[in-house]
Amino acid sequence: MTIEQQIITIGICVFGTMLTRFLPFLIFSSKKPTPEYIRYLGKALPSAIFGMLVIYCLKGVEITGGNHGLPEFISIGVVIALHLWKRQMLLSIAGGTVCYMLLVQMVF
């Protein structure tokens, strides 16, 4: 990429990020209550996205071959245990990721 293309790409990324950050404040004023369906989406979408991510991460796991998906399922157990213990999402995600990487690199 040339310098011009890099600057244009960065500018588009900044514009897209700022648009998605400020658009809700422009659409929904603080004077009126937030519509019910938007509040519903705010409650339902995080769980749905998390479920999609779990399915996406496990879609290539072969239970019948290789290591039978043991690193993945052990790491899922670590994520669940950490979350139930500390209730901190970042710790759970980081702990599961570190566990998976250690298992894949050193054990399996």
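Located above this text is the structure these notes cover.
Residues numbered from 1 in each chain as written. Predicted model: local features only at pLDDT ≥ 70, side-chain atom pairs only at ≥ 80, totals over all residues. Heavy atoms only, no water.

1. Let's talk about the packing of aromatic side chains
Part 1 of the reasoning: Counted according to the given criterion, the structure contains zero aromatic pairs.
Part 2 of the reasoning: Across from the ring centre of Trp85, 4.7 Å away, lies the NZ or CZ of Lys86, which sits over that ring. (Phe/Tyr/Trp six-rings, centres within 6.5 Å; stacked < 30°, edge-to-face > 60°. Lys NZ or Arg CZ within 6 Å of the ring centre and 35° of its normal.)

2. Comments concerning the pattern of salt bridges
For side chains of opposite charge, pairing can occur when their charged atoms come near one another.
Part 1 of the reasoning: Within this structure, the stated rule accounts for one salt bridge.
Part 2 of the reasoning: The closest approach of N and O atoms between Glu36 and Arg39, which form a salt bridge, is 2.8 Å. Of this pair, Glu36 and Arg39 both sit in helix α2 (residues 36–58), separated by three residues, roughly a single helical turn.
Part 3 of the reasoning: Relative accessible area serves as the criterion here: at 42%, Arg39 is assigned to the partly exposed category. (Salt bridge = Lys/Arg side-chain N within 4 Å of Asp/Glu carboxyl O. Helix = DSSP H or I, 4+ residues; strand = E, 2+ residues; numbered from the N terminus. Buried < 20%, exposed > 50% of the residue type's maximum accessible area, 1.4 Å probe, protein only.)

3. Overview of helix α4 (residues 89–107)
Residues separated by three or four positions in an α-helix point in the same direction, a consequence of the helix having 3.6 residues per turn.
Part 1 of the reasoning: With 19 residues, α4 should cover 27 Å at 1.5 Å per step; its first-to-last C-alpha distance of 26 Å lies within 8% of that length.
Part 2 of the reasoning: All buried positions along α4 are accounted for by Ser92, Gly95, Gly96, Cys99 and Leu103. Buried positions in α4, seen along its axis, are confined to an arc of 95 degrees and lie on one side of it. Facing away from the buried side of α4 by over 90 degrees, the exposed positions are Leu90, Val98, Gln105 and Met106.
Part 3 of the reasoning: Residues of α4 that are buried in the fold lie against α3 (70–86). (Expected span 1.5 Å × (residues − 1). Arc of directions from axis to C-beta. Contact = heavy atoms within 4.5 Å.)

4. So, the packing of α3 against α4
Part 1 of the reasoning: For the pair α3 and α4, the least separation of the axes is 8 Å and the interaxial angle reads 155 degrees. As the angle between them shows, α3 and α4 are arranged roughly antiparallel. Here α3 runs over α4; the crossing is right-handed. Packed against α3, whose contacting residues are Pro71, Glu72, Ile74, Ser75, Val78, Val79, Leu82, His83 and Lys86, the element α4 presents Leu91, Ser92, Gly95, Gly96, Cys99, Tyr100, Leu103 and Val104 at the interface.
Part 2 of the reasoning: The residue inventory of the contact of α3 with α4, partitioned by class, reads 10 nonpolar, five polar and two charged. (Axes fitted to C-alpha atoms, helices over the stretch in contact; angles between N-to-C directions. Parallel < 35°, antiparallel > 145°, perpendicular 65-115°, else oblique. Left-handed = near helix turned anticlockwise from the far one by under 90°. Nonpolar A, V, L, I, M, F, W, Y, C, P; charged D, E, K, R; others polar.)

It is worth stressing that arrangement in space is one thing and function is another; only the former is reported here.
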